[in-house]
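Examination of the molecular architecture
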Amino acid sequence: MAMDKSYRKGEQDDEILGRIRKQVARRPRRTPPSPSPTRSPSPIPSRSPSPIPARSHSPIPTGPIILMVVSIILAIAIISVQSTSGNFVILHEVPEGHVGVYWRGGALTKTISNPGFHLMVPFITKFEPIQVTLQTKLVSDVPCGTTGGVMISFDNIEVVNRLKKEYVYDTLLNYGVHYDKTWIYDKIHHEINQFCSSKSLEEVYIDMFDQIAEIMKEAIQRDCNKYAPGIEIISVRVPKPNIPATIRRNFELLEEERTKPLRSRSWQRKRQRHIEKYCCQTY
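So, here is what we can say about the structure in this document.

Each value, and the rule that gives it
- Residues numbered from 1 in each chain as written.
- Predicted model: local features only at pLDDT ≥ 70, side-chain atom pairs only at ≥ 80, totals over all residues.
- Heavy atoms only, no water.
- Core = buried A, V, L, I, M, F, W, Y, C linked by side-chain atoms within 4.5 Å.
- Buried < 20%, exposed > 50% of the residue type's maximum accessible area, 1.4 Å probe, protein only.
- Helix = DSSP H or I, 4+ residues; strand = E, 2+ residues; numbered from the N terminus.
- Contact = heavy atoms within 4.5 Å.
- Salt bridge = Lys/Arg side-chain N within 4 Å of Asp/Glu carboxyl O.
- Pairing = 2+ DSSP bridges.
- Axes fitted to C-alpha atoms, helices over the stretch in contact; angles between N-to-C directions.
- Expected span 1.5 Å × (residues − 1).
- Phe/Tyr/Trp six-rings, centres within 6.5 Å; stacked < 30°, edge-to-face > 60°.
- Patch = residues over 30% accessible without salt bridge, like charges linked within 9 Å, V, L, I, M, F, W, Y side chains within 5 Å.
- Areas by Shrake-Rupley, 256 points an atom, 1.4 Å probe, with all protein chains shown as cover.

This brings us to the nonpolar core. Formed by 39 residues in total, the largest nonpolar core has its most connected members in Ile152, Phe154, Ile157, Leu172 and Ile192. Top contributing element to this core by residue count: helix 4 (residues 179-197), with seven residues. Beyond its immediate stretch of four places on either side in the chain, Leu172 contacts Val101, Trp103, Leu108, Ile130, Leu163, Val177 and Tyr179.

Okay, here's the thing in structure tokens:
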């Protein structure tokens, strides 16, 4: 019995050993790597950095932007051209020889701008250029009556004047933009009538005609110095007044009578010189 057990155990061991050999035989055998011959290390070639490809962007549409900018510029130009003064100006120009004055909400501001381009808020601020250089005002058809009741008239009385820059605000505050109507046009009418009402036709037309311009200048400047010191009257030119045709003919005849003795004396002097010259040549 003992021999049978040992014999069976030996067969089992042989069987297990055979299985293990079969499993080992089925596995692939690894071949050891063959030794490679020694080689000198080859230099690594330097590579230039490859350019980074640019990102593709979608093109920006510049057409609408350019059109919008041009439209804005044209709109500003049209507004400035159509209204050189008023409530709708955005970009306005003050010409040379002028200053710009501004009203905000109907009230005159103390802002005085020099010549050039300026900006302002439309619909709120109003702009007006005021001339501060020499200017000539033409007062036409000024009627007046003399002490004798004769109606005469003056055509195109010229008044050269200037508004001082430092008095622009005070003058416009008291008399407005059309200050010249009060102190030049209306004043000329008043002073001419005052002068003619105390003079005869002969004094106005002949005797004192050369003094009328200076009298008008002094009268206007005297009142301006008192009430509107910013207005300076440079000169006044008064033309010959228009009088009725019949009266003008009488003055012409009177002037002819006055010049007859002068012509006669002039002829006598010429004749006397001629006689003296003849006598000197004879002797």
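Attention now goes to the pattern of salt bridges. If you walk through the whole model with that rule in mind, you get six salt bridges. Between Arg237 and Glu158 there is a salt bridge, with the nearest N and O atoms lying 3.4 Å from each other. Remark: Glu158 occurs in strand 9 (residues 157-163) and Arg237 occurs in strand 10 (residues 231-237); sequence separation between them is 79 residues. Judged by its relative accessible area of 43%, Arg237 is partly exposed. By relative accessible area, Glu158 is classed as partly exposed at 27%. A salt bridge links Glu232 to Arg162, with the shortest nitrogen-to-oxygen separation between them at 2.8 Å. One end of the pair, Glu232, is in strand 10; the other, Arg162, is in strand 9, and 70 residues separate them in sequence. For Glu232, a relative accessible area of 25% corresponds to the partly exposed category. Overlapping salt bridges, with partners in common, bring together Lys187, Glu191 and Asp223 in one network.

For the rest of this paragraph, the subject is unusual backbone geometry. At Phe123, a position not held by glycine, the phi torsion is positive, near 70°. One can find Phe123 in the loop between strand 4 (116-119) and strand 5 (125-131). Even without a glycine there, the phi angle at Asp141 is positive, about 55°. Structurally, Asp141 can be placed in the loop between strand 6 (135-139) and strand 7 (142-145).

On the basis of which strands lie adjacent, the open sheet formed by three strands has the order 3-2-5 and antiparallel pairing. Looking along the sheet, the strands with just one partner apiece sit at the ends: strand 3 (107-113) and strand 5. Within this sheet the neighbouring strands show an average axis-to-axis angle of 30°, counted without direction. Note that strand 2 (residues 98-104) and strand 3 share four bridges and pair antiparallel. Bridging across to strand 3, Val101 finds its partner in Ile112. The strands touched by helix 3 (residues 168-175) are strand 2, strand 3 and strand 5; relative to strand 3, the strand with the most contacts, the crossing angle is about 155°.

All right, on to helix 6 (residues 212-227) then. The end-to-end C-alpha distance of helix 6 is 23 Å, a good match for the 22 Å that 16 residues give at a rise of 1.5 Å each. All buried positions along helix 6 are accounted for by Ile212, Met216, Ala219, Ile220, Gln221, Asp223 and Cys224. Against the buried residues of helix 6 lie strand 8 (151-154), helix 4, helix 5 (201-207) and strand 10.

Aromatic ring pairs are reported here in terms of the distance separating the ring centres and the angle at which the planes meet. Tallying each qualifying case throughout the model produces three aromatic pairs. Their ring planes at 40° and their centres at 5.7 Å tell us that Tyr102 and Phe127 sit as a pair that is tilted. Within this pair, whereas Tyr102 is found in strand 2, its partner Phe127 is found in strand 5, the two being separated by 25 residues in sequence. Grouping residues by exposure puts Tyr102 and Phe127 together as buried. With a centroid separation of 6.0 Å and 20° between ring planes, the pair formed by Trp183 and Tyr227 is classed as stacked. Of this pair, Trp183 sits in helix 4 while Tyr227 is found in helix 6, placing the two residues 44 residues apart along the sequence.

Turning to a nonpolar patch on the surface, a few remarks are in order. Taken together, the side chains of Ile65, Met68, Val69, Ile72 and Ile73 define a hydrophobic patch exposed on the protein surface, amounting to about 470 Å² of accessible area. Tracing the chain through its elements places Ile65 in helix 2 (residues 62-82). Its relative accessible area of 45% is what places Ile65 among the partly exposed residues.

What follows is about the pairing of strand 1 (residues 91-94). Side-chain alternation along strand 1 places His92 and Val94 on a buried face and Leu91 and Glu93 on a face that remains uncovered. Here strand 1 pairs with strand 4 via four bridges, running antiparallel. Within strand 4, the position partnered with His92 by the bridge is His118.

Let's shift gears to the sheet that holds strand 6. The three strands are arranged 6-9-10 in an open sheet whose pairing can be described as antiparallel. Because the sheet does not close on itself, it has two edges, and the strands there are strand 6 and strand 10. Each strand of the sheet is rotated relative to its neighbour by a mean of 30°, with strand direction disregarded. Alignment of strand 9 against strand 10, held across six bridges, turns out to be antiparallel. Across the sheet, residue Val159 finds its bridge partner in strand 10, namely Val236. Each of strand 6, strand 9 and strand 10 touches helix 4; the most contacted strand, strand 6, lies at about 45° to it.

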